Protein chains: 2
Amino acid sequence: MAPEPDPDDGARVDRLAAALDAADADAFVHVGDATDADLRYLTRLSETPHEYGFVYADGEATLLAPPELDTDDDAAAAFSGRIEESQASDPMGSRVVDCLTDRLDGRADDATVLVPRHLPHDAAVYLEQAGYGLESTPVVGEARAVKSDWERDRLRAVQRAAVRGMQRARTILSAATVEDGVLHWKDAPLSAERLRRQVNATLVAEGVVDVSGTRIRVANGGEAGGLPASDPIVVTVEPRGADGYYGLLTRTVVVDSDGGWERRAHVGVEAARRVALGELEPGAALRWVHSETVAEAGSFGLGAPEGDRVHGVGLSRREEPSLADEAAVGTVVAVKPCAVDEKGRVALADLAVVTEEGCELLVDASTSLSP
Amino acid sequence: MAPEPDPDDGARVDRLAAALDAADADAFVHVGDATDADLRYLTRLSETPHEYGFVYADGEATLLAPPELDTDDDAAAAFSGRIEESQASDPMGSRVVDCLTDRLDGRADDATVLVPRHLPHDAAVYLEQAGYGLESTPVVGEARAVKSDWERDRLRAVQRAAVRGMQRARTILSAATVEDGVLHWKDAPLSAERLRRQVNATLVAEGVVDVSGTRIRVANGGEAGGLPASDPIVVTVEPRGADGYYGLLTRTVVVDSDGGWERRAHVGVEAARRVALGELEPGAALRWVHSETVAEAGSFGLGAPEGDRVHGVGLSRREEPSLADEAAVGTVVAVKPCAVDEKGRVALADLAVVTEEGCELLVDASTSLSP
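Being a predicted model, the structure only gives us computed values, none of them experimental.

(A) Molecular detail of the overall build of chain A. Regarding its fold elements, chain A presents 10 helices and 18 strands. For chain A, the spread of C-alpha atoms along the three principal axes comes to 75 × 45 × 35 Å. Within chain A, contacts between residues separated by at least 24 positions form 62% of all contacts whose residues are at least 6 apart in sequence. Surface summary for chain A: the accessible area is close to 13,900 Å², and the carbon and sulfur share equals 45%. Charged side chains in chain A number 37 positive and 66 negative. The centres of these two groups are separated by 9 Å.

So, in structure tokens, the structure goes:
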């Protein structure tokens, strides 16, 4: 499927131009394949296992494509800059140097090139040996934090698929019967793996292409035999859509609750979720939102696991803003309150977009503890 | 699902030891997350968005894990070396330097560290600033080329799922009806997207976690309306299983063939496939297998597209051996004969494992042009 063009192409390039100005640099360079979220953001490449080079100089973006470009994939369909193909299989670092030297009229001695911090080491060596001075830049990660309308539409679409996947899990769990404390469905024990495959079938029927983030967690077992009837089952779906954007939704369900720890924990985690969504607004430090979320669960006597309870989501499952950042309008943030102790785990996770007024869930879904 | 341990852990570490000996180097270092196939190979990490460090020195492997390790994933369950957690969020490059300095008793001045060519640039800068000399090594890519029994089992399992996905496509295409030259299925036009989702549902029901490689190609259109009844439909499935290994299967189908170009092209591509599988044996140069494959299709008057018709497959969709390499026993190679001209495209693709005697298909599947 040829990807739809992002009408905000220009805005992405403008940010590179501003970063070059601010750093008094001459060019921006990156090398990677379409599993690299920065490269995917800059080029809108679709899935491809091939290595690409990206050179931005003098206000123009150039994509250095592999020989296989025109046949094995239509990766470049959505790229709005110039595309340079090559029949030779020169190392991409060397092709980047050639392109840069051409664009900068041979001027390497006093030229500064901005690169992402994870530029492949061998490409950096080619650039340095050619005389370019390299400077790491956070500009792409920062640009990715604030989502365009086009990106928010993609995130909302994949989050909608996530909600459908969760509904499928709820449907199966409410249809399940209990035998000797273990869930059964369609005349066989309902294992975590069986439930996961059913959820994944729903996700891909919704157009999702990567379901590796689907997780079914229980305190004890659930894999070989069946899921427990009276313990919390934490269902997480974290699907990636065809355009590369991730969704995230976690719900905790108990089929046959005895009203004990898990109910109290669930009330506390729901309260922590409300606090997080209440605190998330433009200018809020994510570290503050995180600590308020943990503190609210703590006020119910609940222990929190390690790890940040808020972070950005987009072309990566975890991206900026991070705990060190402030929320800005247009950022999409995962809100993940969680309680753990020796009795088990209760967790919720949602995606919210930060608005002028505060934040709103990308897609709403019931938090009910009962399936 | 906790990944099963690979009984060949020792063999992977032995290769690093041999590479250090051969290069007279002191340590091997890598940094990345589990989307990095080299890191996944070395550690058997399961899916995780977190950055890890890997340090090998003095015969021992150490995994530098993120603070979130114990809660957000059980990524380290299958790692057989030492695991160092951290509550601080120091840059991974700095943690790698600390670990290395500790392991090498502070000796940085004369120490050489081997790194993969795609080590992130910022980690390289930390190491160089600490006084370590870096040398790129191809050892991990080379080690990955030859698959252990454990890896071959994973590849065979995901390839078996690929065959089921292809059977699903054939079932739908043979049940399709023709209206005005366009395929219909279950009372609606059968678009490429509809077919793709059906195939993907079968793939994930087989336990596959990434179906982004499923492609339905026709010469003209097929997306918005229905697929053409009388033109070749090239179906590719390239699924990734839960352990990270990729399958690959391509078949070309014509529902209502008029026996023209596509039949002759299909005979030629089948012949090219036989030639490729006949030439693929220990010691065979992949460039030779490639050119013989292209030449055989050419002898039927068929044009070949750009790109190599043979390459390794494993934790990446495209890895060693490449055209520059020779086939070795235990390598798993994609064989992809293809014909294109203005009338369309006919393609086949399979995975074969190189054996003492020659090669054998990981899983066999009909090549029939009729669904």
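(B) Structural detail: the packing of helix α4 (residues 92–103) of chain B against helix α5 (residues 121–129) of chain B. Residues and elements named next belong to chain B. In contact at an axis separation of 8 Å, α4 and α5 are set at 40° when each is read in the N-to-C sense. It follows that α4 is oblique to α5 by the angle criterion. In the packing of α4 onto α5, the handedness of the crossing is right-handed. When α4 is examined against α5, the residues Gly93, Ser94, Val96, Val97 and Leu100 are found in contact with a partner set consisting of Ala123, Tyr126 and Leu127. In terms of residue class, the contact of α4 with α5 is built from 6 nonpolar, 2 polar and no charged.

(C) Region of interest: the pattern of salt bridges. According to the stated counting rule, one finds 46 salt bridges over all chains in the structure shown. When the shortest N-O distance is used, the salt bridge between aspartate 243 of chain B and arginine 154 of chain B registers 3.4 Å. Here aspartate 243 of chain B is found in the loop between β11 (233–237) and β12 (249–253), whereas its partner arginine 154 of chain B is found in helix α7 (residues 149–175), with 89 residues between them in sequence. Salt bridges sharing partners connect three or more residues here, namely Asp38, Arg144, Lys147 and Glu319 of chain A.

(D) Structural detail: the interface of chain B and chain A. Each partner contributes to the interface: chain B provides 51 residues, whereas chain A provides 51 residues. Interface of chain B and chain A: buried area, both sides summed, is about 3,900 Å²; carbon and sulfur atoms make up 47% of it. Where chain B meets chain A, there are 6 salt bridges. A salt bridge links aspartate 122 of chain B to arginine 117 of chain A; the nearest nitrogen and oxygen atoms lie 2.6 Å apart. Seen at the junction of chain B and chain A, the total is 14 residue pairs in polar contact (both at pLDDT 80 or more). When residues of the side of chain B that touches chain A are assigned to their parent elements, the largest contribution, 7 residues, is made by helix α8 (residues 192–205) of chain B.

(E) Expanded view of the relation of the copies chain B and chain A. For the pair chain B and chain A, the superposition axis carries a translation of 0.0 Å, the fit reaches an RMSD of 0.0 Å, and the rotation angle comes to 180°. Classification of the inter-copy transformation places it as that of a two-fold axis. Most of the interface of chain B is mirrored in chain A, where 100% of its interface residues are also at the interface.

(F) Quick peek at the sheet that holds strand β1 (residues 27–32) of chain A. Residue and element names in this part refer to chain A. As summarised here, the arrangement of the 6 strands in space is β4-β3-β2-β1-β5-β6, forming an open sheet in which the pairing is mixed. Lying at the two open borders of the sheet, with one neighbouring strand each, are β4 (82–84) and β6 (133–136). Going from strand to strand, the sheet's axes swing by 25° on average, the running direction of each strand aside. Across 3 bridges, the pairing between strand β3 (residues 60–64) and β4 is parallel. Opposite threonine 62, over in β4, you have arginine 82 as the bridge partner.

(G) A look at the pairing of strand β6 (residues 133–136) of chain B. Residue and element names in this part refer to chain B. The pairing of strand β5 (residues 112–115) with β6 spans 4 bridges and is classified as parallel. Considered in β6, the bridge of leucine 114 is made with glutamate 135. Viewed along the sheet, the connection from β5 through α5 into β6 turns out right-handed.

(H) Broad picture of the packing of helix α9 (residues 261–279) of chain A against helix α10 (residues 286–298) of chain A. Residues and elements named next belong to chain A. α10 packs onto α9 with a crossing angle of 155° between their chain directions and a minimal axis gap of 8 Å. Considering their axes alone, α9 and α10 lie roughly antiparallel with respect to each other. The chirality of how α9 crosses α10 is right-handed. Side by side, α9 and α10 meet where Gly268, Ala271, Ala272, Val275, Ala276 and Glu279 of the first sit next to Trp288, Val289, Glu292, Thr293, Glu296 and Ala297 of the second. In terms of residue class, the contact of α9 with α10 is built from 7 nonpolar, 2 polar and 3 charged.

(I) Broad picture of the packing of aromatic side chains. Applying the stated rule across the entire model yields 4 aromatic pairs over all chains. Ring geometry for tryptophan 150 of chain A against tyrosine 245 of chain A: centres 6.4 Å apart, planes inclined by 75°, an arrangement best described as edge-to-face. A residue pair is termed long-range when its members are at least 10 positions apart, and tryptophan 150 of chain A in helix α7 (residues 149–175) and tyrosine 245 of chain A in the loop between β11 (233–237) and β12 (249–253) qualify at 95 residues. By the burial criterion, tryptophan 150 of chain A is buried, and tyrosine 245 of chain A matches it. Between phenylalanine 28 of chain B and phenylalanine 54 of chain B, the ring centres sit 6.0 Å apart and the planes meet at 70°, which makes this aromatic pair edge-to-face. Within this pair, whereas phenylalanine 28 of chain B is found in strand β1 (residues 27–32), its partner phenylalanine 54 of chain B is found in strand β2 (residues 52–57), the two being separated by 26 residues in sequence.

(J) Highlighting the side chain of lysine 336 of chain A. With respect to the element layout, lysine 336 of chain A can be found in the loop between β14 (332–335) and β15 (338–341). A distance of 3.0 Å separates the side chain of lysine 336 of chain A from the side chain of histidine 311 of chain A, its partner in a polar contact.

(K) Molecular detail of the nonpolar core. Counting 132 residues, the largest nonpolar core has Phe28 of chain A together with Phe28 of chain B as the members making the most contacts within it. Those residues in contact with phenylalanine 28 of chain B that sit more than four places away from it in its chain are Leu16, Leu20, Leu42, Phe54, Val55, Tyr56, Leu114, Pro116, Thr137, Val139 and Val140 of chain B.

(L) Representation of the state of the cysteines within the structure. Summed over all chains, the structure comprises 0 disulfides over all chains. With no disulfide partner, cysteine 359 of chain A has as its closest neighbouring cysteine sulfur the one in cysteine 338 of chain A, 19 Å distant.

(M) Structural view of the sheet that holds strand β8 (residues 182–185) of chain A. Taken in spatial order, the 3 strands of this open sheet run β7-β8-β9 (chain A), and their pairing is antiparallel. Edge strands, defined here as strands with exactly one partner in the open sheet, are β7 (177–179) and β9 (188–189) of chain A.

(N) The arrangement of the domain arrangement of chain A in detail. Residue and element names in this part refer to chain A. Taken domain by domain, chain A holds domain 1 (9–143) and domain 2 (149–361). Placing the centre of domain 1 and that of domain 2 at their C-alpha centroids yields a distance of 36 Å. Buried surface at the junction of domain 1 and domain 2, summed over both partners, amounts to about 650 Å²; 48% is from carbon and sulfur atoms. At the junction of domain 1 and domain 2, the tally comes to 1 salt bridge. Arginine 44 is the salt-bridge partner of glutamate 151, the closest N and O atoms lying 3.7 Å from each other.

(O) Up close: the environment of leucine 42 of chain B. All names here are of chain B. Residue position: leucine 42 is located in helix α2 (residues 37–43). On the basis of relative accessible area, leucine 42 is assigned to the buried category, the value being 8%. Measuring from C-alpha to C-alpha, the distance between leucine 42 and arginine 12 comes to 7.0 Å, with 30 residues separating the pair along the chain. Beyond its immediate sequence surroundings of up to four residues, leucine 42 is in contact with Arg12, Leu16, Phe28, Phe54, Phe79 and Val140.

Rules used throughout
Residues numbered from 1 in each chain as written. Chains lettered and ligands numbered in written order. Predicted model: local features only at pLDDT ≥ 70, side-chain atom pairs only at ≥ 80, totals over all residues. Heavy atoms only, no water. Helix = DSSP H or I, 4+ residues; strand = E, 2+ residues; numbered from the N terminus. Contact = heavy atoms within 4.5 Å. Areas by Shrake-Rupley, 256 points an atom, 1.4 Å probe, with all protein chains shown as cover. Lys, Arg positive; Asp, Glu negative; His and termini not counted. Charge placed at Lys NZ, Arg CZ, Asp CG, Glu CD. Axes fitted to C-alpha atoms, helices over the stretch in contact; angles between N-to-C directions. Parallel < 35°, antiparallel > 145°, perpendicular 65-115°, else oblique. Left-handed = near helix turned anticlockwise from the far one by under 90°. Nonpolar A, V, L, I, M, F, W, Y, C, P; charged D, E, K, R; others polar. Salt bridge = Lys/Arg side-chain N within 4 Å of Asp/Glu carboxyl O. Buried area = accessible area lost by both parts, 1.4 Å probe. Polar contact = N/O pair within 3.5 Å; in protein donor to acceptor, adjacent residues only side chain to side chain. Least-squares fit on C-alpha atoms with pLDDT ≥ 70 in both. Pairing = 2+ DSSP bridges. Right-handed = clockwise from strand over helix to strand, strands pointing away. Phe/Tyr/Trp six-rings, centres within 6.5 Å; stacked < 30°, edge-to-face > 60°. Buried < 20%, exposed > 50% of the residue type's maximum accessible area, 1.4 Å probe, protein only. Core = buried A, V, L, I, M, F, W, Y, C linked by side-chain atoms within 4.5 Å. Disulfide = S-S within 2.5 Å. Domains from an automatic or database assignment.

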